[in-house]
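This is what each chain is made of:
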Amino acid sequence: MKPPAPAHACAIVLVLLPLLAVLQTTRAQKNAIDIYSLTVDSRVSSRFAHTVITSRVVNRADSMQEATFQMELPKKAFITNFSMIIDGVMYPGNIKQKDAAQKQYSAAVARGESAGLVKATGRKMEQFQVSVSVAPSAKVTFELVYEELLKRRLGVYELLLKVQPRQLVKHLQMDIHIFEPQGISFLETESTFMTNELADALTISQNQTKAHIRFKPTLSQQQKSAEQQDTVVDGNLIIRYDVNRTLSGGSIQIENGYFVHYFAPEGLSMIPKNVIFVIDTSGSMMGKKIRQTREALIKILEDLRPEDHFNLISFSREATQWKPSLVPASTQNVEEAKKYANSIKAQGGTNINDAMLMAVQLLDTATREEQLPSGSVSLFLLLTDGDPTVGETNPTKIQKNVQEAIGGQYSLFCLGFGFDVSYAFLEKLALDNGGLARRIYEDSDSALQLQDFYQEVANPLLTAVTFEYPSNAVEEVTQDNFRLFFKGSEMVVAGKLRAQSPEVLSAIVSGQLPTENITFQMESQVAKQEEEFQKPKYIFHGFMERLWAYLTIHQLLERMVSVSDADKQALETQALGLSLNYSFVTPLTSMVVTKPEGQEQSQVAEKPVDNEKVPSGRTVFRHRAMGHAGPILPGGVHLRLLKEPPGFLNPSRYRYPFSNSYPRVPSGIASSSSGGPTTLDGYLDETMEETSPTAPPPATASADPAPIQAPTVILPLPGQSGDQLCVDIKLTPGPLLLLLSDPDQGLEVTGEYKMEKAQFSWIEVTFKNPQLQVHVSPEHVVVTRGRRSSEYKWKETLFVVMPGLTMTMDKAGLLLLSSPDKVTIGLLSWDGPGEGLRLLLRDTDRFSSHVDGILGRFYQGVLWGPPDTTDDSKRTLRARGFDFDATRELKLDYQEGTPGTEISCWSVAL
């Protein structure tokens, strides 16, 4: 019989609990169960990550308490083990075939218990949770193990670890060991909980082939403040890295009778591509979705190369093509396409079938009439947010029609926007036609998600890639032929060595370039490779066999999506056997977690599958047939849909006052997504209402004096200790401003200033080394590294350490970009008097003699004239041959955040 629920409940959590649960948990309850040790040990050997999370807790109350172990892990990872040790007795998790666990699972559900231990919780993560009752003074050790093969995306591998203990932990430690025989070329760490106070707790050591990242904060470092016993450790630790590469057949590595072959050659030229964008403009795309699609499409069009060909098809009830045929990506055609993309509106139904068949016919005609470059790659990008509702609506028939039309000639990539879309339908549609599917999550950065996905497939380097190994040397090789190889990605092939393997394992990799075939030959010394992985303690030994099994299972599951029912059974049997043999929790297996006698006897952990319209635990509120209401808060309050952030601009030149010369426009500035105010395409949900700025009350004689304002920029004056120059921009509206430029530092700062609002619309900082661009608007921060873009919200903690640069942001909204040998650039979302974006400069003595720009001029040979004979608070300042009137005034210093402090500075208007 199930025992009565304990009088007090307590949760040990490694992720954020639902709001209601947090509000109901009292401090006394939180302190009853004490996490005295929490460790994360992740060992990455040749891209294969083996991660162990161990939590040790004790019940310090005098009554039975419930302890909940909760952890988030990457979606692509497989859980391999979970165990609990309660007062010295181990309770293991047993992995078995899903059908065998179904009886226990169904029984638990029938009792009203939470049987599913793993749930999808976001874009990249799944949540694992187990609860157990703990006697007074008893100790419990939880241990969760999972494994994953890190996939190379846009030039980097990414290891994502989440840790959120929700209380101070006496022994908190994270260790990440990375071993890459090819050599580590780049290493970056990012954290959403690190602060300057925690910086000393993070240590990074690296040599040619190894890296060790350790995070070990003391109790005082974890504590928010002397008054608050809450922890600041609450979020992600992300490790990104890449390895050394050459123009070669890649790297073959061997361990314990298994091999893995990594292939991503450098130095290949991009193949011209022919791409048709097939864009859903049905009514369900109305509002934010269509605006973000327009914004992303405009940016994507700008990335086309002149040798590429393209066209656009928009579809709702009917499909409409922009041009009668594919056209070269000339400057004129791209500009016309951007205007067309900017004009698309959302209305009507969803006719996917006709849109895709129209797209295929366009490519067929262009190919038949030899309109396209020889050796070019042709592909489709389909973006939709819903099921087919017009024309052919049977998903199976649409998949058949599209596959027959494409006939293996082109690749189809599908993007499913939001949670209304049938992802399983899109996944099969893509896999049937040599592509892949990706879900685009509805969020403020949806446009960036679209752009990033495009960047993954925008630069084909090779076609028809095949791997060949001596048949008498290897067996059970994973997928060894691939339709396309893209820049920034990697092909991975693994297999077993036969019992009588040769001393040297050879491989031939062949592929096609636009005008010729190319062949790479590779050899690897078996004994030498085996020895490299045998001794080091930082390696999880036997990993290569598990890597082979992991990769094989994933590929079998993928093939099951697009094969006939008869073939599917054989693939499922093979994948199930590997899952059980290597103890992986996959979509075909379950892990039964046992508990002490007298408690709920078992729970079942299963792998979520991302093919549902609405993931478990998520509710989508529909409102009217043509749109959705805003998010609903407790109490039935609706969030208003705010105006969309302004798009990037692409002006023809900078605004550079007092000069007849106009510097060049920096690369990477995208064009505006609209020529005017952002609207909702005339649609307004009835839960929202239009708002207009409230007019200020008329001034009266008794009105309070205007508050002291913060200047646009505060500049530390060169050669004058402690004095500062307060600069206000009073220019007439015009193009982009070049604020700072220092070629010796590899630094450029630009911005757009709106006179009517007396604030920056955006500011952008570009570094040459490392290649980095930070674009800030009042709404968010967008960081672009290479071809990868990430969005961050203001006043969220951020701590990124990369070669040559550190990027931090605190809860006050101060974003700092610093380096030991560079000027420190600060960006602030200021919400005090004169609110808006603010720029800060520190370490300005590091500017070179070539610094330029409307602010940079004040760091080049500045001369001060004598005080005015009638007013010593006025002087003349000469910079770069131009005179400025400077007045000593009181201003509000924003550099330490709100509410700011009054300072006396020399004020200059530009």
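Here the structure is a predicted model, which is why all the values come from computation and not from measurement.

Definitions and limits used
Residues numbered from 1 in each chain as written. Predicted model: local features only at pLDDT ≥ 70, side-chain atom pairs only at ≥ 80, totals over all residues. Heavy atoms only, no water. Helix = DSSP H or I, 4+ residues; strand = E, 2+ residues; numbered from the N terminus. Contact = heavy atoms within 4.5 Å. Areas by Shrake-Rupley, 256 points an atom, 1.4 Å probe, with all protein chains shown as cover. Pairing = 2+ DSSP bridges. Axes fitted to C-alpha atoms, helices over the stretch in contact; angles between N-to-C directions. Phe/Tyr/Trp six-rings, centres within 6.5 Å; stacked < 30°, edge-to-face > 60°. Lys NZ or Arg CZ within 6 Å of the ring centre and 35° of its normal. 1 Å grid on protein atoms, 1.4 Å probe; cavity = no way out; pocket = protein on both sides within 12 Å on 5 of 7 lines; lining within 4 Å. Points joined across faces, edges and corners; volume = space filled by probe spheres on them. Nonpolar A, V, L, I, M, F, W, Y, C, P; charged D, E, K, R; others polar. Left-handed = near helix turned anticlockwise from the far one by under 90°. Expected span 1.5 Å × (residues − 1). Buried < 20%, exposed > 50% of the residue type's maximum accessible area, 1.4 Å probe, protein only. Polar contact = N/O pair within 3.5 Å; in protein donor to acceptor, adjacent residues only side chain to side chain. Core = buried A, V, L, I, M, F, W, Y, C linked by side-chain atoms within 4.5 Å. Salt bridge = Lys/Arg side-chain N within 4 Å of Asp/Glu carboxyl O. Parallel < 35°, antiparallel > 145°, perpendicular 65-115°, else oblique. Disulfide = S-S within 2.5 Å.

Q: Just to check I follow, could you spell out the overall build of the protein chain for this structure?
A: Scanning the protein chain from N- to C-terminus turns up 13 helices and 50 strands. Considering only contacts in the protein chain between residues 6 or more positions apart, those separated by 24 or more positions represent 67%. Per element, the accessible surface of the protein chain, about 39,700 Å² overall, is 50% carbon and sulfur.

Q: I tried to follow the sheet that holds strand E39 (residues 772-776) on my own but got confused; where do I start?
A: Sheet strands line up and pair through hydrogen bonds in the backbone, either parallel or antiparallel. If you trace the six strands from one edge of the open sheet to the other, you get E36-E37-E38-E39-E40-E41, paired in antiparallel fashion. Because the sheet does not close on itself, it has two edges, and the strands there are strand E36 (737-742) and strand E41 (788-793). Mean inter-strand twist for the sheet, computed between neighbouring axes without regard to direction, equals 15°. For E39 and strand E40 (residues 780-785), the ladder comprises four bridges, and the chain directions are antiparallel. Note that in E40 the partner of histidine 775 across the bridge is valine 782.

Q: Hey, could you run me through the packing of aromatic side chains in this one?
A: To describe a pair of aromatic rings, you give the distance between the ring centres and the angle between the ring planes. Tallied over the full model, the rule gives 32 aromatic pairs. Considering the side-chain rings of tyrosine 157 and tyrosine 241, the 5.2 Å spacing of their centres and the 40° angle between planes classify their relative orientation as tilted. In this pair, tyrosine 157 is assigned in strand E9 (residues 157-163) and tyrosine 241 in strand E14 (residues 235-243), connecting sequence segments 84 residues apart. Members of the aromatic cluster, connected to one another through ring pairs, are Phe263, Phe467, Phe482, Phe485 and Phe520. The ring centre of tyrosine 262 lies 3.7 Å from the NZ or CZ of arginine 47, which sits over that ring.

Q: Mind showing me how you'd approach the sheet that holds strand E24 (residues 460-468) here?
A: With antiparallel pairing, four strands are arranged side by side in an open sheet as E26-E24-E28-E29. The sheet is open, and its two borders are formed by strand E26 (481-486) and strand E29 (517-525), each paired with just one other strand. Across the sheet, the mean angle separating the axes of adjacent strands is 30° when strand polarity is ignored. Where E24 meets E26, five bridges bridge the pair, whose relative direction is antiparallel. For proline 460, the partnering residue across the bridge sits in E26 and is phenylalanine 486.

Q: What should I look at first to understand empty space enclosed by the protein in this one?
A: Rolled over the atoms, a probe as big as a water molecule pinpoints where empty space is left. Across all of its chains, the model carries six cavities of 30 Å³ or more by this definition. A volume near 90 Å³ is recorded for the second largest cavity. The wall of the second largest cavity is formed by Phe277, Ile279, Thr293, Ala296, Leu297, Ile300, Leu381, Leu383, Leu415, Leu450 and Tyr454. If you list the elements that add at least two residues to the lining of the second largest cavity, you get strand E17 (273-280), helix H5 (288-302), strand E21 (377-384) and helix H10 (446-457). Broken down by element, the lining of the second largest cavity gets its largest block of residues, four residues, from H5. Here the residues of the lining of the second largest cavity sort into ten nonpolar, one polar and no charged.

Q: Before we go on, may I ask you to explain the packing of H5 against H10 in this structure?
A: Axes are the key here: two packed helices are described by the angle between their axes and the distance separating the axes. Orientation of H5 relative to H10, taken along the N-to-C sense of each, is 35°, at an axis distance of 8 Å. As H5 packs across H10, the resulting crossing turns out to be right-handed. Every residue of H10 that contacts H5 at Gln292, Thr293, Glu295, Ala296, Lys299 and Ile300 is listed here: Ser446, Ala447, Leu450, Gln451 and Tyr454. Grouping the constituent residues of the contact of H5 with H10 by class yields five nonpolar, four polar and two charged.

Q: In this structure, what is going on with helix H12 (residues 543-561)? I would like to understand it.
A: Structurally, the α-helix is built with 3.6 residues per turn, so residues lying three or four positions apart point the same way. The end-to-end C-alpha distance of H12, which contains 19 residues, comes to 28 Å, matching closely the 27 Å that a straight helix rising 1.5 Å per residue would cover. With 14 of 19 residues buried, H12 is to be regarded as a mostly interior element.

Q: Whenever I open this one, the environment of lysine 124 confuses me. Can you help?
A: By the element assignment, lysine 124 lies in the loop between strand E6 (118-120) and strand E7 (125-134). Here the alpha-carbon distance between lysine 124 and glutamate 72, two residues 52 residues apart in the chain, equals 9.5 Å. Once residues within four sequence positions are removed from consideration, lysine 124 is found in contact with Leu73, Pro74, Lys75, Glu158 and Leu160. In this structure the side chain of lysine 124 is engaged in a polar contact, spanning 3.1 Å, whose partner is the side chain of glutamate 158.

Q: Mind showing me how you'd approach the nonpolar core here?
A: Side chains of nonpolar character tend, in soluble globular proteins, to be buried together. Formed by 60 residues in total, the largest nonpolar core has its most connected members in Phe82, Met84, Phe128, Phe142, Ile178, Phe215 and Met591. By size, the runner-up hydrophobic cluster in this structure holds 50 residues, among which are Val713, Ile763, Leu815 and Leu877.

Q: I'm lost on the pattern of salt bridges in this one. Help?
A: Two side chains with opposite charge may pair up if their charged atoms get near one another. Taken as a whole, this structure holds 38 salt bridges when the rule is applied. The partner of glutamate 188 in a salt bridge is arginine 785, with the nearest N and O atoms 2.6 Å apart. Remark: arginine 785 occurs in strand E40 and glutamate 188 occurs in strand E11 (residues 184-191); sequence separation between them is 597 residues. No difference in accessibility class separates glutamate 188 from arginine 785, as the two residues are buried. A network of salt bridges, in which partner residues are shared, links Arg47, Arg152, Glu180, Asp242, Arg245 and Glu490.

Q: It is not clear to me how the packing of H5 against helix H6 (residues 331-343) should be interpreted in this structure. Could you clarify?
A: Look at H5 against H6: their axes get within 9 Å of each other, and the N-to-C directions meet at 175°. With respect to their mutual orientation, H5 and H6 come out roughly antiparallel. Every residue of H6 that contacts H5 at Arg294, Leu297, Ile298, Leu301 and Glu302 is listed here: Val334, Ala337, Lys338, Ala341 and Asn342. Split by residue class, the contact of H5 with H6 holds six nonpolar, one polar and three charged.

Q: Got a minute to help me understand the pairing of strand E30 (residues 589-594) in this structure?
A: Each regular strand shows side chains that alternate between the opposite faces of the sheet. Counting buried positions along E30 yields five of six residues, so the element is predominantly enclosed. Where strand E5 (residues 89-97) meets E30, five bridges bridge the pair, whose relative direction is antiparallel. Counted as the bridge partner of isoleucine 95 is methionine 591 from E30.

Q: So what exactly am I meant to see when it comes to the state of the cysteines here?
A: Any covalent bond linking the sulfur atoms of two cysteines counts as a disulfide. Inspection of the entire model under this criterion finds one disulfide. In this model cysteine 726 forms its disulfide with cysteine 905; the gap between the sulfur atoms is 2.0 Å. Judged by the sign of its S-S torsion, about -120°, the bond between cysteine 726 and cysteine 905 is left-handed. Residue cysteine 726 is found in strand E35 (residues 724-728), and its partner cysteine 905 is found in strand E50 (residues 901-909); the two are separated by 179 residues along the sequence. In terms of burial, cysteine 726 and cysteine 905 fall into one category: buried.

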